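Spelled out, the chains give:
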Amino acid sequence: MNVGDTIPEWSVAITPTLIVSTAIATRDFQDVHHDRDLAQGHGSKDIFMNILTSTGLVERFVTDWAGGDTDVRGIAIRLGAPAYPSDTLTFSGTVSAIEDGVAVIEVKGAVSLGDHVVGTVRVSA
């Protein structure tokens, strides 16, 4: 792992099943993640992915590239555009720094509306 290394892109099809099942698996029972009518009643276009799922996908993206034994030291993300069903979430990443045995990887996950998630993942180098 070296500064400037890029992680090959990874794309995930966003389906209603992915959104609903991962919201339930993370014990997030907010209606906007599983009930289209209620989500639309709150002003959303449709149900949308929750932050816990987005975080898990960010971690998987990095650890699939770095190796399953990778020690994740920290994840700092912020959400942007919602991830709706029938879209694709495409991840990209770059190693931006390595200090004291810890690599900082800048990650972006984009959907058709723009950046869904951006942030950094710190892993042992």
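All of these numbers come straight from a predicted model, not from anything done at the bench.

Participant: Would you mind showing me how to read helix H1 (residues 16-25) here?
Facilitator: Because each turn of an α-helix spans 3.6 residues, side chains separated by three or four positions in sequence point in the same direction. Listed as buried for H1 are Leu18, Ile19, Thr22 and Ala23. Down the axis of H1, the sector holding all buried residues measures 115°, keeping them to one side. Turned more than 90 degrees away from the buried face of H1, the exposed residues are Thr17 and Ala25. Its buried side turned inward, H1 meets strand E1 (6-14) and helix H3 (51-66).

Participant: What is the right way to look at the sheet that holds strand E5 (residues 114-124) in this model?
Facilitator: Hydrogen bonds between backbone atoms are what pair the strands of a sheet, whose relative direction is either parallel or antiparallel. Pairing is antiparallel in the open sheet, where five strands are placed in the order E1-E3-E4-E5-E2. Edge strands, defined here as strands with exactly one partner in the open sheet, are E1 and strand E2 (72-79). Across the sheet, the mean angle separating the axes of adjacent strands is 20° when strand polarity is ignored. When E2 meets E5, the two strands line up antiparallel, connected through seven bridges. Its bridge partner lying in E5, Ile77 is registered against Gly119.

Participant: Looking at this model, I keep getting lost on the packing of aromatic side chains. Mind explaining?
Facilitator: Given two aromatic rings, one states the distance between the centres and the angle between the planes to describe the pair. Under the criterion given, the structure shown has two aromatic pairs. Between Trp10 and Phe91, the ring centres sit 5.6 Å apart and the planes meet at 20°, which makes this aromatic pair stacked. Of this pair, Trp10 sits in strand E1 while Phe91 sits in strand E3 (residues 87-99), and the two are 81 residues apart along the sequence. Put simply, the rings of Trp10, Phe61 and Phe91 touch in pairs and so form one group of aromatic residues.

Participant: Sorry if this is basic, but what is going on with H3 here?
Facilitator: Here H3 spans 23 Å end to end across 16 residues, near enough to the 22 Å set by a 1.5 Å rise per residue. Among all positions in H3, only Thr53, Ser54, Leu57, Val58, Phe61, Val62 and Thr63 are buried. Lining the buried residues of H3 we find E1, H1, E2, E3, strand E4 (102-111) and E5. Note on H3: the residue one or two positions beyond its end, Gly67, has a positive phi of about 115°.

Cut-offs and rules
In this numbering scheme, every chain counts its residues from 1 along its sequence in written order. At least 70 in pLDDT is required for a residue's local features to be given in this predicted model, at least 80 for side-chain atom pairs to be given and counted, and no such filter applies to totals for whole chains, interfaces and linings, which use all residues. Remark: hydrogens and water are excluded; side-chain values derive from all non-hydrogen atoms of the structure. Throughout, exposure labels follow a simple rule: accessible area from a 1.4 Å probe, protein chains only, divided by the maximum for the residue type, with under 20% read as buried, over 50% as exposed, and the rest as partly exposed. Helix numbers and strand numbers start at the N terminus; a helix is a DSSP run of H or I with at least 4 residues, a strand a run of E with at least 2. As used here, the arc belongs to the directions running from the helix axis to the C-beta atoms. By the convention used here, residues are in contact when the closest approach between their heavy atoms is within 4.5 Å. Any two strands are treated as partners once DSSP identifies two or more bridges connecting them. Each axis is a line fitted through C-alpha atoms, taken for helices only over the stretch in contact, and angles between the N-to-C directions span 0 to 180 degrees. Aromatic pairing here means that ring centres of Phe, Tyr or Trp (its six-membered ring) are within 6.5 Å. Orientation follows from the plane angle: under 30 degrees is stacked, over 60 is edge-to-face, and everything else is tilted. A helix is expected to reach a length of 1.5 Å times the quantity of its residues less one.

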